[in-house]
Amino acid sequence: MSHSLSRNLSLPLTPMTSSEPVFLTDLQLAERWQVHRQTLLRWRREANGPAYTRINGRVLYPLAEIEQFEKANTITHES
């Protein structure tokens, strides 16, 4: 019998300790922003969008980077 790791391993949405970062997968980020996963792929190829990291071949977005990117791209209208 062959043992293999599932590609569906879930990452914690909340840190285990205060020093551990929280990550979103590309699917989670696509759902959060209501965009297609291919849009995120295109942004990565074009060096646009939020910072990400690759761990064991998986693309992961640090939540802190996502929130910073959202804040930097928030448009407010002052009256």
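Everything below is about the structure printed above this text.
What follows concerns the sheet that holds strand β2 (residues 53-55). Overall, antiparallel pairing links the three strands, which are arranged β1-β3-β2 in an open sheet. Of all strands in the sheet, those bounded by a partner on one side alone are β1 (23-25) and β2. On average, each strand axis in the sheet is inclined to that of its neighbour by 45 degrees, with strand direction left out of account. Here β1 runs beside strand β3 (residues 58-62); their pairing, made up of three bridges, is antiparallel. Bridge pairing links Leu24 to Tyr61 in β3. Where helix α1 (residues 26-33) meets the sheet, it contacts β1 and β3, and its direction lies at approximately 85 degrees from that of β1. Against the sheet, helix α3 (residues 63-72) engages β1 and β3, with an angle of about 60 degrees to β3.

Looking only at helix α2 (residues 37-45), the buried set comprises Thr39, Leu40 and Arg44. Seen end-on, α2 carries its buried residues on one side only, within an arc spanning 140 degrees. Residues of α2 that are buried make contact with α1 and β3. One or two residues past the end of α2 sits Ala47, with phi positive at roughly 60 degrees.

Turning our eyes to something else, we now look at α1. Taken together, the buried positions of α1 are occupied by Asp26, Leu29 and Ala30. Along α1, the residues classed as buried sweep out an arc of 100 degrees about the axis, all on the same side. The elements touched by buried residues of α1 are β1, α2, β3 and α3. A positive phi of about 55 degrees marks Gln34, the residue just after α1.

Conventions and cut-offs
- Residues numbered from 1 in each chain as written.
- Predicted model: local features only at pLDDT ≥ 70, side-chain atom pairs only at ≥ 80, totals over all residues.
- Heavy atoms only, no water.
- Pairing = 2+ DSSP bridges.
- Helix = DSSP H or I, 4+ residues; strand = E, 2+ residues; numbered from the N terminus.
- Axes fitted to C-alpha atoms, helices over the stretch in contact; angles between N-to-C directions.
- Contact = heavy atoms within 4.5 Å.
- Buried < 20%, exposed > 50% of the residue type's maximum accessible area, 1.4 Å probe, protein only.
- Arc of directions from axis to C-beta.

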